[in-house]
Amino acid sequence: MIEEAFLHNIYSIDYIAKKLFYGELADGKRKVGGQNKRFKDNLKLYLKDFFIDTESWEALAADRPSWRQTIAVGACRAEEHQAGRNILKARKETPPLITMKVSMLFAAVLTACFEKHLPRAHCYADDTQLYFSFRPDGNVSEREAVEVTECCLRDIRTWMATNRLLINDDKTEFLIIGKRRQLQKINIPNITIGNANIVPASHVTNLGCIFDSTLNMDQHVLMTCKAAFYHLHNIRRIHKYLDQSDRSLLTIIHAFITSRLDYCNGLLYGATATQIEKLQRVQNAAARLATGTSKFSHMQPVLRQLNWLPIRSRIHYKILLLTFKCIHGLAPSYLSDLITIRHPSRYTLRSSQGITLNHPTSKMLVTLGDKAFSSAAPKLWNQLPKTLRSQQSLVTFKKHLKTHLFR
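Parameters at a glance
Residues numbered from 1 in each chain as written. Predicted model: local features only at pLDDT ≥ 70, side-chain atom pairs only at ≥ 80, totals over all residues. Heavy atoms only, no water. Helix = DSSP H or I, 4+ residues; strand = E, 2+ residues; numbered from the N terminus. Polar contact = N/O pair within 3.5 Å; in protein donor to acceptor, adjacent residues only side chain to side chain. Axes fitted to C-alpha atoms, helices over the stretch in contact; angles between N-to-C directions. Parallel < 35°, antiparallel > 145°, perpendicular 65-115°, else oblique. Left-handed = near helix turned anticlockwise from the far one by under 90°. Contact = heavy atoms within 4.5 Å. Nonpolar A, V, L, I, M, F, W, Y, C, P; charged D, E, K, R; others polar. Buried < 20%, exposed > 50% of the residue type's maximum accessible area, 1.4 Å probe, protein only. Pairing = 2+ DSSP bridges. Core = buried A, V, L, I, M, F, W, Y, C linked by side-chain atoms within 4.5 Å. Phe/Tyr/Trp six-rings, centres within 6.5 Å; stacked < 30°, edge-to-face > 60°. Salt bridge = Lys/Arg side-chain N within 4 Å of Asp/Glu carboxyl O. pLDDT = per-residue confidence, 0-100.

Draft legend 1. Local environment of the side chain of Ser 213. Along the chain, the position of Ser 213 falls in the loop between strand E6 (209–212) and helix H8 (218–238). A polar contact of 3.5 Å, which involves the side chain of Ser 213, links it to the backbone oxygen of Ile 176.

Pasting the structure below:
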């Protein structure tokens, strides 16, 4: 009886396999994929995706805090690896040399269109910015600015349409910048780009920075603080799973918080005390999280312990570092051309020895002109001691500059 049941099971399995095989051949299709993997094989596959050694994972899993941290880090690396593979898979099979030539040709044609109409333009990757300055005293200047801008954009649209390219009319933004009294005199309701009427924006995003009409950077500071506190909240939720001995927490804070505070912070030179205080609160909160300090403790010793400069000193550090690079030929020409070195005279004082810079001779607005790099760089640089202004090595200059700003 048992033998008959066993033979019946074999016959049933053989019959089902033949039926599936010949049925797929008759329908002209075949099952895609390999055989079903065992649980052990699937486990090894997942461990490899998370960059975990398949031989010693059991010993690592015995230490639960280390295992949680390894899983968290492995998940992030696996997602990055998968995203990179997706990008490589979706990339068009265009040779790099041809792509570079097409990009250079596109940039050259755009530059020719700009120079024919507008005196200033700036291109960065796929982001193109047009500038035109005018006086708000009369209607002639306003009409001229609108006509020149529309004519330039019309030529660009025509060239792009001829070469089977498309300009996003609805995504184009324009911003009128000036003092409050100047903005009250201006009446430009919109500009026309193709079939779209673009109205003036209250603020625009420019390469990750938010500019408003008066360049007071309030919106930029607000969004920076908002994003930083959001990430601080998430880091605080997982910091107990991070190993304090290998500085994992500090690495995450630098990646999500410090990088945001330092991004384009040279634009915040001359910021109000209120704006600096908002950003300083973010840095203080990050320092408390990194050291476990209570909210009632004084933060100056904590920042010095972490070797973190305060917000205002970080802004000065960025500008002075760019100035050093401009002086020694390490910066691009559009920055180096903004400053000039003062040549020594017969009556040079001993206190002014070392490299000094000339202040701009043209009259500049106190509200906007003092924030320009051409004005801020000489002012901060000439206040440095002679030993710092005489440095020739970038690494040595950065080290001594940070020590000077900590005083």
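Draft legend 2. Main features of the packing of helix H10 (residues 273–291) against helix H11 (residues 299–306). Look at H10 against H11: their axes get within 10 Å of each other, and the N-to-C directions meet at 70°. Classified by the interaxial angle, the pair formed by H10 and H11 is roughly perpendicular. Considering how the two elements wind past one another, H10 and H11 form a crossing that is left-handed. Contacts from Gln 280, Gln 283, Asn 284, Ala 287, Arg 288 and Thr 291 of H10 reach H11 at Met 299, Val 302, Leu 303 and Leu 306. Of the residues that constitute the contact of H10 with H11, the class distribution is five nonpolar, four polar and one charged.

Draft legend 3. Summary view of the pairing of strand E5 (residues 203–206). The alternating pattern of E5 places Val 204 and Asn 206 on a buried face and His 203 and Thr 205 on a face that is not buried. Both E5 and E6 contribute to a ladder of four bridges, which runs antiparallel. By the bridge assignment for E6, Asn 206 is matched with Cys 209. Once E5 ends, the chain turns through two residues before running back antiparallel as E6, passing Leu 207 with a positive phi of about 55°.

Draft legend 4. Inspection of the nonpolar core at higher detail. Ile 253, Ile 257, Trp 308, Trp 381, Phe 397 and Leu 401 are the most contacted members of the largest nonpolar core, which totals 57 residues. If you tally residues by element for this core, the top one is helix H12 (residues 311–327), at nine residues. Once residues lying within four places of it in the same chain are set aside, the contact partners of Ile 257 are Ala 228, His 231, Leu 232, Ile 235, Val 282 and Ala 286. Core analysis: the next-biggest nonpolar cluster, separate from the first, contains 10 residues, Val 146, Ile 176, Ile 186 and Ala 196 among them.

Draft legend 5. A look at the packing of aromatic side chains. Tallied over the full model, the rule gives two aromatic pairs. Seen in terms of ring centroids, Phe 324 and Phe 397 are 4.4 Å apart; in terms of plane orientation they differ by 15°. Their pairing is stacked. Taken as a pair, Phe 324 in helix H12 and Phe 397 in helix H16 (residues 394–406) lie far apart in primary sequence, 73 residues in all. Residue Phe 324 shares its accessibility class with Phe 397, and that shared class is buried. Between Trp 381 and Phe 397, the ring centres sit 5.8 Å apart and the planes meet at 35°, which makes this aromatic pair tilted. On the criterion of sequence distance, the pair formed by Trp 381 in helix H14 (residues 373–382) and Phe 397 in helix H16 is long-range, its members being 16 residues apart. Each member of the pair, Trp 381 as well as Phe 397, carries the same accessibility label: buried. What links up through ring pairs into an aromatic cluster is the set Phe 324, Trp 381 and Phe 397.

Draft legend 6. Geometry of the pattern of salt bridges. Under the counting rule described, the total for this entry stands at two salt bridges. One salt bridge connects Asp 262 with Arg 314, and the closest N-O pair in it is separated by 2.8 Å. On the criterion of sequence distance, the pair formed by Asp 262 in helix H9 (residues 248–262) and Arg 314 in helix H12 is long-range, its members being 52 residues apart. Under the relative-accessibility criterion, Asp 262 is labelled partly exposed at 24%.

Draft legend 7. Looking closely at the packing of H8 against H9. The interhelical angle for the contact between H8 and H9, taken along N-to-C directions, is 170°, at an axis separation of 9 Å. In terms of orientation, H8 and H9 fall into the roughly antiparallel class. Of the residues in H9, those in contact with Thr 224, Ala 227, Ala 228, His 231, Leu 232 and Ile 235 of H8 are Leu 249, Ile 252, Ile 253, Phe 256, Ile 257, Arg 260 and Leu 261.

Draft legend 8. Expanded view of the confidence of the model for the protein chain. Mean pLDDT over the protein chain: 76, with 72% of residues reaching 70 or higher. Between residues 1–26, whose pLDDT stays under 50, and residues either more than four places distant or in other chains, the model counts four contacts. Contacts from residues 92–105, a stretch scored under 50 in pLDDT, to residues over four places away or in other chains number one contact.

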